Amino acid sequence: MKPVDEYFYNQKEPYQSIMLYIRDVILRTLPDITERYSYKIPFYNIGKKPMLYLNILKGKDYVDVAFVQGVLFEDQFPSLKNDNNRKQVRSLQVKSLEEFNEHEFRAILLEAKRYIEMSDKPWFV
């Protein structure tokens, strides 16, 4: 089993179900994206540039779907949050699949991909 698969299957519910569903949406929406395991969490890259990652932050009750260049399109998608005062990363905080807006998530994925493809480097701050 790949490390990224182990990561997902070692999560407790409801996080495991949420992460597996989000993973499926990512892979269906962006078939050219690369999934990798780095810094002990799943990352999704466009080419060699990281676009987003999934994480469960200690003491929080949600899956953090973090977009590396989220600051660039947070005005367009107000559901993106700046948790922990991050300079560049913005994230969706998914507590349940019932509250997850797949249509909006797909739109955010496409916008994030557009920004990553236009940029020289993903980490600019």
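Reference entry: report on the structure contained in this document. (Residues numbered from 1 in each chain as written. Predicted model: local features only at pLDDT ≥ 70, side-chain atom pairs only at ≥ 80, totals over all residues. Heavy atoms only, no water.)

1. Quick look at the layout of surface pockets
Gaps left between atoms show up when a probe the size of a water molecule is rolled over them. Applied cut-off: Definitions used throughout: a 1 Å grid over protein atoms alone; a cavity as a set of points that fits a 1.4 Å probe which cannot get out; a pocket as an open set with protein on both sides within 12 Å along at least five of seven lines; a lining residue as one with an atom within 4 Å of a point. Grid points are joined across faces, edges and corners, and a volume is the space filled by probe spheres set on the points. Here a helix means four or more residues in a row that DSSP labels H or I, a strand means two or more in a row labelled E, and each is numbered from the N terminus. Under the convention adopted here, Pro, Cys and the residues Ala, Val, Leu, Ile, Met, Phe, Trp and Tyr are nonpolar, Asp, Glu, Lys and Arg are charged, and Gly plus all remaining residues are polar.
What the largest pocket holds in volume is close to 150 Å³. Every residue along the wall of the largest pocket is listed here: S79, K81, L92, Q93, V94, E99, F100, N101 and E104. Examining the composition of the lining of the largest pocket, we find that three residues originate from one element, strand β5 (residues 90-94), more than from any other. Tallied by class, residues from the lining of the largest pocket come to three nonpolar, three polar and three charged.

2. Let's talk about the sheet that holds strand β1 (residues 34-38)
Paired through backbone hydrogen bonds, the strands of a sheet run either parallel or antiparallel to each other. Convention followed: Only strands joined by at least two bridges in the DSSP assignment are considered to pair. Fitted lines through C-alpha atoms serve as axes, helices being fitted only where they are in contact, and the angles separating the N-to-C directions of these axes extend from 0 to 180 degrees. Note on contacts: a residue pair qualifies if any of its non-hydrogen atoms lie within 4.5 Å across the two residues.
The antiparallel open sheet is built from five strands, whose spatial order is β1-β2-β3-β4-β5. This sheet does not close on itself; its edge strands, each paired only once, are β1 and β5. Strand-to-strand, the axes of this sheet are offset by a mean angle of 25°, without reference to chain direction. Sheet analysis places strand β4 (residues 63-67) next to β5, joined by five bridges and oriented antiparallel. Bridge assignment links A66 to a residue of β5, and that residue is S91. With respect to the sheet, helix α3 (residues 102-118) is in contact with β2 (41-46), β3 (49-55), β4 and β5, its orientation differing from that of β3 by roughly 145°.

3. Some details on the pairing of β4
What counts, and what does not: Burial classes follow relative accessibility: with a 1.4 Å probe on protein chains only, a residue under 20% of its type's maximum area counts as buried, one over 50% as exposed, and anything between as partly exposed.
Counting buried positions along β4 yields five of five residues, so the element is predominantly enclosed. Where burial is concerned, the two faces of β4 agree: the one with V63, V65 and F67 and the one with D64 and A66 are both buried. Bridge count between β3 and β4: four bridges; the pairing is antiparallel. In the strand pairing of β4, Y53 is matched with A66.

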